[in-house]
Amino acid sequence: MKSTESHAIRVRSSAGDYCVLCERGLAQKAGQEIAKLGDFSSVHILSSPKVWRAVGQRALRGLRSQLAAKMHLFDDAEAAKNLSTVEKITRELVRAGADRKSLLVAVGGGVVGDVVGFAAASYLRGVALVQVPTTVVAQVDSAVGGKTGVNLPEGKNLVGAFYPPRLVLVDPEFLETLPEREFRSGLAEVIKYGVIGDTELFAFLEQNIGGILSREAEALEHVIRCSIAAKAYVVSADEKESGLREILNYGHTFAHALESVTRYRKYRHGEAVAWGMMCAALLGHEVLDTPADDVARIIALVRRIGPLPAWPDVTPRKLLAAMRADKKTKFGKVRFVLSARLGQVRTYDDVAPKKALCVLRFGPQFLLRSAPVTALEKCHG
Ligand SMILES: NC(=O)c1ccc[n+]([C@@H]2O[C@H](COP(=O)([O-])OP(=O)(O)OC[C@H]3O[C@@H](n4cnc5c(N)ncnc54)[C@H](O)[C@@H]3O)[C@@H](O)[C@H]2O)c1
Ligand SMILES: [Zn+2]
(Lines give C-alpha, C1' and ligand atoms only; values in the text may rest on other atoms or scores of the structure.)
(Ligands and ions follow the chains in the order given, each with its own letter.)
Protein backbone atom coordinates (compact mmCIF):
# COMPACT_ATOMS: atom_id res chain seq x y z
CA MET A 1 0.00 0.00 0.00
CA LYS A 2 1.67 3.21 -1.08
CA SER A 3 0.83 6.80 -0.38
CA THR A 4 0.26 9.06 -3.35
CA GLU A 5 0.51 12.73 -4.05
CA SER A 6 -1.73 12.54 -7.07
CA HIS A 7 -4.75 14.76 -7.16
CA ALA A 8 -7.30 12.13 -8.21
CA ILE A 9 -7.59 8.80 -6.46
CA ARG A 10 -9.56 6.16 -8.37
CA VAL A 11 -11.80 3.68 -6.57
CA ARG A 12 -13.05 0.50 -8.22
CA SER A 13 -16.59 -0.65 -7.49
CA SER A 14 -19.04 -3.11 -9.00
CA ALA A 15 -21.28 -0.21 -9.99
CA GLY A 16 -18.42 1.53 -11.83
CA ASP A 17 -15.22 3.33 -10.91
CA TYR A 18 -15.29 6.74 -9.31
CA CYS A 19 -12.76 9.38 -8.34
CA VAL A 20 -11.92 10.96 -5.05
CA LEU A 21 -10.46 14.42 -5.65
CA CYS A 22 -8.50 15.85 -2.74
CA GLU A 23 -7.13 19.38 -2.82
CA ARG A 24 -7.18 22.50 -0.71
CA GLY A 25 -9.67 25.00 -2.11
CA LEU A 26 -11.45 22.33 -4.16
CA ALA A 27 -14.82 23.48 -2.82
CA GLN A 28 -14.52 26.59 -4.98
CA LYS A 29 -14.45 24.34 -8.03
CA ALA A 30 -17.13 21.92 -6.82
CA GLY A 31 -19.68 23.12 -9.39
CA GLN A 32 -17.26 22.64 -12.28
CA GLU A 33 -16.22 19.16 -11.14
CA ILE A 34 -19.82 18.06 -10.70
CA ALA A 35 -20.79 19.47 -14.10
CA LYS A 36 -18.19 17.14 -15.69
CA LEU A 37 -20.30 14.15 -14.58
CA GLY A 38 -22.93 15.00 -17.18
CA ASP A 39 -26.42 16.41 -17.25
CA PHE A 40 -28.86 15.97 -14.41
CA SER A 41 -32.54 16.85 -14.44
CA SER A 42 -32.11 18.52 -11.04
CA VAL A 43 -29.41 18.86 -8.37
CA HIS A 44 -30.17 18.66 -4.65
CA ILE A 45 -27.69 19.68 -1.99
CA LEU A 46 -28.34 17.93 1.30
CA SER A 47 -26.63 19.05 4.47
CA SER A 48 -27.31 19.96 8.09
CA PRO A 49 -27.95 23.49 9.40
CA LYS A 50 -24.79 23.19 11.51
CA VAL A 51 -22.54 22.10 8.65
CA TRP A 52 -24.02 24.59 6.23
CA ARG A 53 -23.45 27.43 8.72
CA ALA A 54 -19.85 26.31 9.21
CA VAL A 55 -18.77 25.64 5.64
CA GLY A 56 -21.60 25.99 3.18
CA GLN A 57 -22.08 29.68 2.87
CA ARG A 58 -18.35 30.37 2.72
CA ALA A 59 -16.82 27.57 0.72
CA LEU A 60 -19.72 26.38 -1.37
CA ARG A 61 -21.23 29.73 -2.27
CA GLY A 62 -20.76 29.01 -5.96
CA LEU A 63 -22.14 25.50 -5.91
CA ARG A 64 -25.80 26.38 -5.59
CA SER A 65 -25.90 29.02 -8.25
CA GLN A 66 -23.61 27.18 -10.70
CA LEU A 67 -25.77 24.09 -10.58
CA ALA A 68 -29.13 25.76 -9.92
CA ALA A 69 -29.35 23.39 -6.98
CA LYS A 70 -32.13 23.06 -4.45
CA MET A 71 -31.17 23.04 -0.79
CA HIS A 72 -32.39 20.54 1.82
CA LEU A 73 -31.21 20.78 5.43
CA PHE A 74 -31.79 18.11 8.09
CA ASP A 75 -30.54 17.37 11.60
CA ASP A 76 -27.24 15.46 11.56
CA ALA A 77 -27.20 14.37 15.20
CA GLU A 78 -26.35 10.66 15.53
CA ALA A 79 -29.81 10.24 17.12
CA ALA A 80 -31.37 11.49 13.87
CA LYS A 81 -29.47 8.97 11.73
CA ASN A 82 -32.56 6.83 11.32
CA LEU A 83 -35.26 5.75 8.91
CA SER A 84 -37.58 8.61 9.75
CA THR A 85 -34.93 11.09 8.58
CA VAL A 86 -34.60 9.08 5.35
CA GLU A 87 -38.37 9.25 4.97
CA LYS A 88 -38.36 12.99 5.59
CA ILE A 89 -35.61 13.56 3.02
CA THR A 90 -37.09 11.33 0.34
CA ARG A 91 -40.56 12.88 0.75
CA GLU A 92 -38.98 16.30 0.41
CA LEU A 93 -37.26 15.10 -2.77
CA VAL A 94 -40.59 14.01 -4.22
CA ARG A 95 -42.09 17.40 -3.45
CA ALA A 96 -39.06 19.11 -5.02
CA GLY A 97 -39.58 17.13 -8.23
CA ALA A 98 -36.49 14.89 -8.02
CA ASP A 99 -36.59 12.09 -10.60
CA ARG A 100 -34.34 9.22 -11.72
CA LYS A 101 -31.94 11.60 -13.45
CA SER A 102 -31.51 13.83 -10.41
CA LEU A 103 -28.28 14.17 -8.44
CA LEU A 104 -27.93 14.29 -4.65
CA VAL A 105 -24.91 16.10 -3.20
CA ALA A 106 -24.20 15.22 0.44
CA VAL A 107 -22.28 17.95 2.28
CA GLY A 108 -21.27 17.06 5.83
CA GLY A 109 -19.76 14.55 8.20
CA GLY A 110 -20.31 10.81 8.34
CA VAL A 111 -23.89 11.15 9.51
CA VAL A 112 -24.90 13.32 6.54
CA GLY A 113 -22.97 11.06 4.15
CA ASP A 114 -24.45 7.83 5.49
CA VAL A 115 -28.04 9.14 5.56
CA VAL A 116 -27.94 10.85 2.18
CA GLY A 117 -26.07 7.88 0.71
CA PHE A 118 -28.82 5.56 1.83
CA ALA A 119 -31.50 7.97 0.60
CA ALA A 120 -29.73 8.05 -2.80
CA ALA A 121 -29.52 4.24 -2.86
CA SER A 122 -33.22 3.81 -2.20
CA TYR A 123 -34.93 6.85 -3.72
CA LEU A 124 -36.52 5.64 -6.98
CA ARG A 125 -34.24 2.58 -6.55
CA GLY A 126 -31.15 4.69 -6.92
CA VAL A 127 -30.17 8.20 -8.00
CA ALA A 128 -26.71 9.68 -8.57
CA LEU A 129 -24.73 10.71 -5.52
CA VAL A 130 -21.76 13.02 -4.91
CA GLN A 131 -20.11 13.08 -1.49
CA VAL A 132 -18.59 16.30 -0.14
CA PRO A 133 -17.20 15.24 3.25
CA THR A 134 -16.47 17.92 5.86
CA THR A 135 -15.02 16.04 8.86
CA VAL A 136 -11.76 14.10 9.20
CA VAL A 137 -13.74 10.86 9.63
CA ALA A 138 -15.85 11.53 6.56
CA GLN A 139 -12.89 12.60 4.39
CA VAL A 140 -10.62 9.67 5.22
CA ASP A 141 -13.20 7.01 5.85
CA SER A 142 -16.97 7.20 5.45
CA ALA A 143 -17.21 9.05 2.10
CA VAL A 144 -14.99 6.47 0.39
CA GLY A 145 -16.08 2.88 -0.10
CA GLY A 146 -19.80 3.08 -0.68
CA LYS A 147 -21.13 1.98 2.71
CA THR A 148 -24.34 3.85 3.54
CA GLY A 149 -26.95 3.32 6.18
CA VAL A 150 -28.86 4.34 9.27
CA ASN A 151 -29.34 3.15 12.85
CA LEU A 152 -32.24 1.25 14.38
CA PRO A 153 -33.17 1.52 18.07
CA GLU A 154 -31.70 -2.02 18.30
CA GLY A 155 -28.27 -1.01 17.02
CA LYS A 156 -26.04 1.12 14.84
CA ASN A 157 -25.93 0.95 11.03
CA LEU A 158 -28.31 -2.02 10.91
CA VAL A 159 -30.13 -0.87 7.76
CA GLY A 160 -28.10 0.16 4.77
CA ALA A 161 -26.72 -0.52 1.33
CA PHE A 162 -23.45 -0.57 -0.56
CA TYR A 163 -23.96 2.37 -2.85
CA PRO A 164 -20.89 3.98 -4.40
CA PRO A 165 -20.94 7.69 -5.17
CA ARG A 166 -20.20 9.06 -8.65
CA LEU A 167 -17.58 11.42 -7.21
CA VAL A 168 -16.08 12.42 -3.87
CA LEU A 169 -14.81 15.98 -3.41
CA VAL A 170 -12.43 16.37 -0.46
CA ASP A 171 -11.37 19.87 0.51
CA PRO A 172 -9.15 19.80 3.62
CA GLU A 173 -9.97 23.49 4.18
CA PHE A 174 -13.37 22.37 5.45
CA LEU A 175 -11.60 21.04 8.51
CA GLU A 176 -10.69 24.55 9.69
CA THR A 177 -14.05 24.97 11.40
CA LEU A 178 -14.25 21.47 12.89
CA PRO A 179 -14.46 21.43 16.71
CA GLU A 180 -11.19 20.35 18.34
CA ARG A 181 -12.51 17.09 19.76
CA GLU A 182 -13.98 16.02 16.39
CA PHE A 183 -10.72 16.88 14.67
CA ARG A 184 -8.44 15.03 17.09
CA SER A 185 -10.61 11.94 17.33
CA GLY A 186 -10.75 11.69 13.54
CA LEU A 187 -6.96 11.45 13.46
CA ALA A 188 -7.20 8.03 15.12
CA GLU A 189 -8.47 6.64 11.81
CA VAL A 190 -5.56 8.34 10.02
CA ILE A 191 -3.09 6.61 12.36
CA LYS A 192 -4.94 3.37 11.64
CA TYR A 193 -4.03 3.57 7.95
CA GLY A 194 -0.39 3.96 8.95
CA VAL A 195 -0.53 0.86 11.14
CA ILE A 196 -2.37 -1.36 8.68
CA GLY A 197 -0.23 -0.73 5.65
CA ASP A 198 1.39 2.63 5.06
CA THR A 199 4.53 2.78 7.17
CA GLU A 200 5.63 5.96 5.38
CA LEU A 201 2.43 7.62 6.52
CA PHE A 202 3.06 6.34 10.04
CA ALA A 203 6.57 7.81 10.09
CA PHE A 204 5.29 11.08 8.63
CA LEU A 205 2.70 11.27 11.41
CA GLU A 206 5.37 10.65 14.05
CA GLN A 207 7.46 13.49 12.67
CA ASN A 208 4.66 15.96 11.96
CA ILE A 209 1.91 15.30 14.47
CA GLY A 210 2.41 18.71 16.10
CA GLY A 211 1.80 20.55 12.84
CA ILE A 212 -1.13 18.32 11.98
CA LEU A 213 -2.74 18.96 15.37
CA SER A 214 -2.45 22.70 14.73
CA ARG A 215 -4.04 22.01 11.32
CA GLU A 216 -1.02 23.08 9.33
CA ALA A 217 -2.38 23.01 5.79
CA GLU A 218 0.28 21.11 3.85
CA ALA A 219 0.88 18.34 6.39
CA LEU A 220 -2.84 17.90 6.89
CA GLU A 221 -3.55 17.68 3.18
CA HIS A 222 -0.77 15.09 2.82
CA VAL A 223 -2.09 12.77 5.53
CA ILE A 224 -5.69 13.10 4.36
CA ARG A 225 -4.62 12.16 0.84
CA CYS A 226 -2.52 9.19 2.01
CA SER A 227 -5.44 7.96 4.11
CA ILE A 228 -7.85 8.20 1.18
CA ALA A 229 -5.36 6.32 -1.01
CA ALA A 230 -5.12 3.59 1.63
CA LYS A 231 -8.88 3.28 1.98
CA ALA A 232 -9.34 3.36 -1.80
CA TYR A 233 -6.78 0.57 -2.23
CA VAL A 234 -8.53 -1.66 0.29
CA VAL A 235 -12.14 -1.11 -0.83
CA SER A 236 -11.17 -1.42 -4.50
CA ALA A 237 -9.77 -4.88 -3.74
CA ASP A 238 -12.68 -5.94 -1.53
CA GLU A 239 -15.77 -3.79 -1.99
CA LYS A 240 -18.20 -5.82 0.10
CA GLU A 241 -16.00 -6.75 3.07
CA SER A 242 -15.47 -10.41 2.30
CA GLY A 243 -11.75 -10.38 3.06
CA LEU A 244 -9.15 -7.63 2.86
CA ARG A 245 -11.57 -4.86 3.87
CA GLU A 246 -11.69 -6.35 7.36
CA ILE A 247 -8.23 -4.92 8.05
CA LEU A 248 -9.91 -1.51 8.25
CA ASN A 249 -11.28 -2.78 11.55
CA TYR A 250 -7.89 -2.58 13.27
CA GLY A 251 -8.65 -1.48 16.84
CA HIS A 252 -12.37 -1.69 16.18
CA THR A 253 -13.15 -4.94 18.04
CA PHE A 254 -12.11 -3.18 21.25
CA ALA A 255 -13.61 0.14 20.10
CA HIS A 256 -17.06 -1.27 19.39
CA ALA A 257 -17.11 -2.95 22.80
CA LEU A 258 -16.12 0.31 24.53
CA GLU A 259 -18.80 2.22 22.61
CA SER A 260 -21.47 -0.37 23.28
CA VAL A 261 -20.89 -0.72 27.05
CA THR A 262 -21.02 3.07 27.39
CA ARG A 263 -24.11 3.26 25.17
CA TYR A 264 -22.34 5.45 22.60
CA ARG A 265 -22.35 8.38 25.01
CA LYS A 266 -18.85 8.53 26.38
CA TYR A 267 -16.55 8.39 23.37
CA ARG A 268 -16.44 9.85 19.92
CA HIS A 269 -15.89 6.85 17.62
CA GLY A 270 -12.27 7.85 16.97
CA GLU A 271 -11.57 8.06 20.70
CA ALA A 272 -12.80 4.50 21.13
CA VAL A 273 -10.66 3.51 18.14
CA ALA A 274 -7.66 5.20 19.78
CA TRP A 275 -8.08 3.07 22.93
CA GLY A 276 -8.84 0.09 20.68
CA MET A 277 -5.65 0.45 18.63
CA MET A 278 -3.49 0.63 21.75
CA CYS A 279 -5.19 -2.52 23.06
CA ALA A 280 -4.80 -4.25 19.69
CA ALA A 281 -1.11 -3.39 19.74
CA LEU A 282 -0.75 -4.98 23.19
CA LEU A 283 -2.76 -8.02 22.07
CA GLY A 284 -0.50 -8.32 19.02
CA HIS A 285 2.46 -8.50 21.40
CA GLU A 286 0.68 -11.18 23.47
CA VAL A 287 -0.41 -13.30 20.54
CA LEU A 288 2.06 -12.66 17.72
CA ASP A 289 5.14 -11.38 19.48
CA THR A 290 4.85 -8.03 17.73
CA PRO A 291 8.21 -6.35 18.42
CA ALA A 292 8.04 -4.16 21.53
CA ASP A 293 9.40 -1.24 19.52
CA ASP A 294 6.44 -1.38 17.09
CA VAL A 295 3.95 -1.61 19.95
CA ALA A 296 5.60 1.29 21.71
CA ARG A 297 5.51 3.42 18.54
CA ILE A 298 1.79 2.77 18.02
CA ILE A 299 0.95 3.61 21.62
CA ALA A 300 3.15 6.70 21.66
CA LEU A 301 1.62 8.10 18.46
CA VAL A 302 -1.95 7.44 19.55
CA ARG A 303 -1.28 9.14 22.88
CA ARG A 304 -0.10 12.25 21.07
CA ILE A 305 -3.49 12.94 19.49
CA GLY A 306 -4.62 14.01 22.91
CA PRO A 307 -6.30 13.01 26.12
CA LEU A 308 -8.99 10.38 25.80
CA PRO A 309 -12.10 9.95 27.92
CA ALA A 310 -11.23 7.50 30.69
CA TRP A 311 -11.45 3.73 30.31
CA PRO A 312 -14.96 2.68 31.37
CA ASP A 313 -15.69 1.32 34.81
CA VAL A 314 -16.77 -2.14 33.64
CA THR A 315 -15.23 -5.56 34.09
CA PRO A 316 -13.05 -7.14 31.39
CA ARG A 317 -15.60 -9.98 31.15
CA LYS A 318 -18.38 -7.52 30.34
CA LEU A 319 -16.22 -6.01 27.59
CA LEU A 320 -15.48 -9.45 26.20
CA ALA A 321 -19.21 -10.23 26.23
CA ALA A 322 -19.82 -7.01 24.27
CA MET A 323 -17.26 -8.18 21.71
CA ARG A 324 -19.06 -11.51 21.36
CA ALA A 325 -22.36 -9.66 20.77
CA ASP A 326 -20.87 -7.45 18.03
CA LYS A 327 -22.53 -7.83 14.63
CA LYS A 328 -19.10 -8.45 13.06
CA THR A 329 -18.64 -11.58 15.18
CA LYS A 330 -18.97 -14.70 13.01
CA PHE A 331 -20.07 -18.06 14.46
CA GLY A 332 -19.56 -16.74 18.00
CA LYS A 333 -15.83 -16.18 17.41
CA VAL A 334 -14.46 -12.78 18.26
CA ARG A 335 -12.34 -11.49 15.39
CA PHE A 336 -9.34 -9.26 15.98
CA VAL A 337 -7.23 -7.49 13.41
CA LEU A 338 -3.69 -7.75 14.73
CA SER A 339 -0.38 -6.49 13.52
CA ALA A 340 2.64 -8.79 13.59
CA ARG A 341 4.74 -5.83 12.52
CA LEU A 342 3.97 -2.21 11.88
CA GLY A 343 2.37 -2.07 8.42
CA GLN A 344 1.35 -5.74 8.37
CA VAL A 345 -2.04 -6.84 9.65
CA ARG A 346 -4.52 -9.64 9.25
CA THR A 347 -7.64 -10.98 10.94
CA TYR A 348 -7.49 -13.62 13.66
CA ASP A 349 -10.55 -15.42 14.97
CA ASP A 350 -8.73 -17.91 17.18
CA VAL A 351 -7.31 -15.61 19.84
CA ALA A 352 -7.58 -17.33 23.22
CA PRO A 353 -10.14 -15.41 25.31
CA LYS A 354 -7.72 -15.37 28.23
CA LYS A 355 -5.26 -13.34 26.15
CA ALA A 356 -7.92 -10.76 25.29
CA LEU A 357 -9.02 -10.70 28.93
CA CYS A 358 -5.47 -10.16 29.98
CA VAL A 359 -5.17 -7.08 27.76
CA LEU A 360 -8.53 -5.79 28.99
CA ARG A 361 -7.47 -6.31 32.61
CA PHE A 362 -3.91 -4.97 32.56
CA GLY A 363 -3.78 -2.93 29.35
CA PRO A 364 -5.53 0.21 30.57
CA GLN A 365 -3.29 0.46 33.66
CA PHE A 366 -0.26 -0.04 31.47
CA LEU A 367 -1.43 2.51 28.94
CA LEU A 368 -2.21 5.08 31.61
CA ARG A 369 1.28 4.96 33.08
CA SER A 370 2.79 8.32 32.37
CA ALA A 371 6.31 6.98 31.82
CA PRO A 372 7.31 6.51 28.19
CA VAL A 373 6.61 3.06 26.87
CA THR A 374 10.00 1.51 26.36
CA ALA A 375 9.65 -2.10 27.40
CA LEU A 376 6.74 -4.47 27.51
CA GLU A 377 6.19 -7.55 29.57
CA LYS A 378 3.73 -10.24 28.72
CA CYS A 379 1.11 -10.70 31.37
CA HIS A 380 0.63 -14.49 31.08
CA GLY A 381 -2.89 -14.05 32.41
N1 LIG B 1 -20.04 4.63 5.86
C2 LIG B 1 -18.90 4.36 6.44
O3 LIG B 1 -18.06 3.63 5.88
C4 LIG B 1 -18.59 4.98 7.76
C5 LIG B 1 -17.27 4.96 8.25
C6 LIG B 1 -17.01 5.61 9.46
C7 LIG B 1 -18.02 6.25 10.14
N8 LIG B 1 -19.29 6.24 9.64
C9 LIG B 1 -20.39 6.93 10.33
O10 LIG B 1 -20.07 8.31 10.39
C11 LIG B 1 -20.70 8.90 11.52
C12 LIG B 1 -19.70 9.77 12.24
O13 LIG B 1 -19.24 10.72 11.33
P14 LIG B 1 -18.38 12.00 11.80
O15 LIG B 1 -17.34 11.56 12.75
O16 LIG B 1 -18.00 12.70 10.56
O17 LIG B 1 -19.38 12.82 12.69
P18 LIG B 1 -20.69 13.70 12.39
O19 LIG B 1 -21.21 13.51 11.05
O20 LIG B 1 -21.58 13.40 13.55
O21 LIG B 1 -20.12 15.19 12.53
C22 LIG B 1 -19.59 15.62 13.76
C23 LIG B 1 -20.10 17.01 14.11
O24 LIG B 1 -19.36 17.97 13.37
C25 LIG B 1 -20.24 18.86 12.69
N26 LIG B 1 -19.52 19.24 11.48
C27 LIG B 1 -19.35 18.52 10.35
N28 LIG B 1 -18.52 19.14 9.53
C29 LIG B 1 -18.16 20.30 10.13
C30 LIG B 1 -17.28 21.36 9.78
N31 LIG B 1 -16.53 21.33 8.67
N32 LIG B 1 -17.16 22.40 10.65
C33 LIG B 1 -17.84 22.40 11.81
N34 LIG B 1 -18.66 21.42 12.22
C35 LIG B 1 -18.81 20.38 11.38
C36 LIG B 1 -21.51 18.08 12.51
O37 LIG B 1 -22.61 18.93 12.39
C38 LIG B 1 -21.55 17.25 13.80
O39 LIG B 1 -22.10 18.01 14.84
C40 LIG B 1 -21.23 7.75 12.36
O41 LIG B 1 -22.62 7.68 12.22
C42 LIG B 1 -20.57 6.52 11.76
O43 LIG B 1 -21.38 5.36 11.87
C44 LIG B 1 -19.59 5.63 8.46
ZN1 LIG C 1 -13.85 3.53 12.49
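Predicted model, so just to flag it, every value in this text is computed and none were measured.

Colleague: Describe the nonpolar core, naming the residues involved and giving the relevant values.
Modeller: Ranked by size, the top nonpolar core spans 83 residues in total, and within it Val20, Ile191, Leu205, Tyr250, Phe254 and Phe336 carry the most contacts. Apart from residues no more than four positions distant in its own chain, Phe254 is found in contact with Gly276, Cys279, Ala280, Leu283, Met323, Phe336, Val359 and Leu360. Phe40, Val51, Val105 and Val130 belong to the second largest nonpolar core, which has 27 residues in total.

Colleague: Pulling in residues and values, what's your account of the coordination of the zinc ion (ligand 2)?
Modeller: In the first shell of the zinc ion (ligand 2), the protein supplies Glu189 (OE), His252 (NE2) and His269 (NE2), at 2.0 to 2.1 Å from the metal. Sequence spacing of the donors to the zinc ion (ligand 2): E-x62-H-x16-H. Taken together, the residues span a long stretch of sequence, with His252 in helix H10 (residues 252–261) and His269 in helix H11 (residues 269–288) at a distance of 17 residues.

Colleague: Tell me what's going on with the environment of Phe331, and back it up with residues and numbers.
Modeller: Checked against the element boundaries, Phe331 lands in the loop between helix H13 (316–324) and strand S10 (336–341). The sequence separation of Phe331 and Asp350 amounts to 19 residues, and the corresponding C-alpha distance is 12 Å.

Colleague: Go over the side chain of Gln139 with me, naming the residues and quoting the values.
Modeller: Among the structural elements, Gln139 can be located in helix H6 (residues 136–142). One polar contact links the side chain of Gln139 to the main-chain carbonyl oxygen of Pro133, over a distance of 3.0 Å. Every residue in contact with Gln139, bar those within four places of it in the chain, is listed here: Pro133, Thr134, Val144, Val170, Asp171, Pro172, Phe174, Leu175, Ile224 and Ile228.

Colleague: Let's hear about H10: which residues, and what values?
Modeller: Within H10, nine of the 10 residues are buried, which leaves the element mostly enclosed by the surrounding structure. When H10 is considered as a whole, its buried residues turn out to be His252, Thr253, Phe254, Ala255, His256, Ala257, Leu258, Glu259 and Val261. Residues of H10 that are buried make contact with helix H7 (180–196), H11, H13, S10 and helix H14 (353–368). At the exit of H10 stands Arg263, carrying a positive phi of roughly 50 degrees.

Colleague: I'd love a proper account of the site of ligand 1, names of residues and values included.
Modeller: Taken together, 26 residues lie near ligand 1, and Asp76, Glu78, Thr134, Thr135 and Thr177 sit nearest. The backbone of Lys147 places a nitrogen or oxygen atom 2.9 Å from a nitrogen atom of ligand 1. Contact with the protein chains covers 89% of the free accessible surface of ligand 1, which is 870 Å². Of the residues that constitute the shell around ligand 1, the class distribution is eight nonpolar, seven polar and 11 charged.

Colleague: Talk me through the environment of Ile247; I want residue IDs and the actual numbers.
Modeller: Among the secondary structure elements, Ile247 is positioned in the loop between helix H9 (217–237) and H10. Given a relative accessible area of 8%, Ile247 falls into the buried group. Considered as a pair, Ile247 and Leu338 are 91 residues apart in the sequence and their alpha carbons are 8.6 Å apart.

Colleague: How would you sum up the sheet that holds strand S6 (residues 128–133)? Please name residues and give values.
Modeller: Taken together, seven strands build an open sheet; the order of strands is S1-S2-S9-S6-S5-S3-S4 and the sheet is mixed. This sheet does not close on itself; its edge strands, each paired only once, are strand S1 (8–11) and strand S4 (70–73). Direction aside, neighbouring strands of the sheet carry axes that sit 20 degrees apart on average. Where strand S2 (residues 18–22) meets strand S9 (residues 167–170), four bridges bridge the pair, whose relative direction is parallel.

Colleague: Go over the environment of His285 with me, naming the residues and quoting the values.
Modeller: Position of His285 relative to the elements: it lies in helix H11. The exposure class of His285 is buried, given its relative accessible area of 11%. Taking the C-alpha atoms as reference, His285 lies 9.5 Å from Arg341; in sequence the two are 56 residues apart.

Colleague: I'd like a rundown of the packing of aromatic side chains, residues and numbers included.
Modeller: For the structure on display, the rule yields two aromatic pairs. Their ring planes at 75 degrees and their centres at 5.2 Å tell us that Trp275 and Trp311 sit as a pair that is edge-to-face. Of this pair, Trp275 sits in helix H11 while Trp311 sits in the loop between helix H12 (292–304) and H13, and the two are 36 residues apart along the sequence. Over the ring of Tyr193 we find Lys192, and its NZ or CZ is 5.1 Å from the ring centre. Seen from the ring of Phe183, Arg215 lies directly overhead, with NZ or CZ sitting 4.2 Å from the centre.

Colleague: Talk me through the pattern of salt bridges; I want residue IDs and the actual numbers.
Modeller: Inspection of every chain in the model, using the stated rule, returns 19 salt bridges. Here Lys147 ties to Glu241 by a salt bridge, and the two come within 2.9 Å at their closest N and O atoms. Note that Lys147 is positioned in strand S7 (residues 147–152) and Glu241 in the loop between H9 and H10, a separation of 94 residues in sequence. Judged by its relative accessible area of 34%, Lys147 is partly exposed. Overall, Glu241 belongs to the buried group, its relative accessible area being 19%.

Colleague: Tell me about H12, and name the residues and values.
Modeller: Relative to the 18 Å expected for 13 residues at 1.5 Å per residue, H12 spans 18 Å between its end C-alpha atoms, a close match to the ideal helical length. Listing the buried residues of H12 in full gives Asp294, Val295, Ala296, Ile298, Ile299, Leu301 and Val302. Buried residues in H12 make contact with H7, helix H8 (199–213), H11, S10 and H14.

Criteria and thresholds
Residues numbered from 1 in each chain as written. Chains lettered and ligands numbered in written order. Predicted model: local features only at pLDDT ≥ 70, side-chain atom pairs only at ≥ 80, totals over all residues. Heavy atoms only, no water. Core = buried A, V, L, I, M, F, W, Y, C linked by side-chain atoms within 4.5 Å. Buried < 20%, exposed > 50% of the residue type's maximum accessible area, 1.4 Å probe, protein only. Contact = heavy atoms within 4.5 Å. Donors = N, O, S within 2.8 Å, 3.2 Å for Na, K, Ca; no water. Helix = DSSP H or I, 4+ residues; strand = E, 2+ residues; numbered from the N terminus. Polar contact = N/O pair within 3.5 Å; in protein donor to acceptor, adjacent residues only side chain to side chain. Near = heavy atom within 4 Å. Areas by Shrake-Rupley, 256 points an atom, 1.4 Å probe, with all protein chains shown as cover. Nonpolar A, V, L, I, M, F, W, Y, C, P; charged D, E, K, R; others polar. Pairing = 2+ DSSP bridges. Axes fitted to C-alpha atoms, helices over the stretch in contact; angles between N-to-C directions. Phe/Tyr/Trp six-rings, centres within 6.5 Å; stacked < 30°, edge-to-face > 60°. Lys NZ or Arg CZ within 6 Å of the ring centre and 35° of its normal. Salt bridge = Lys/Arg side-chain N within 4 Å of Asp/Glu carboxyl O. Expected span 1.5 Å × (residues − 1).

Any link to function would need more than the numbers given here.
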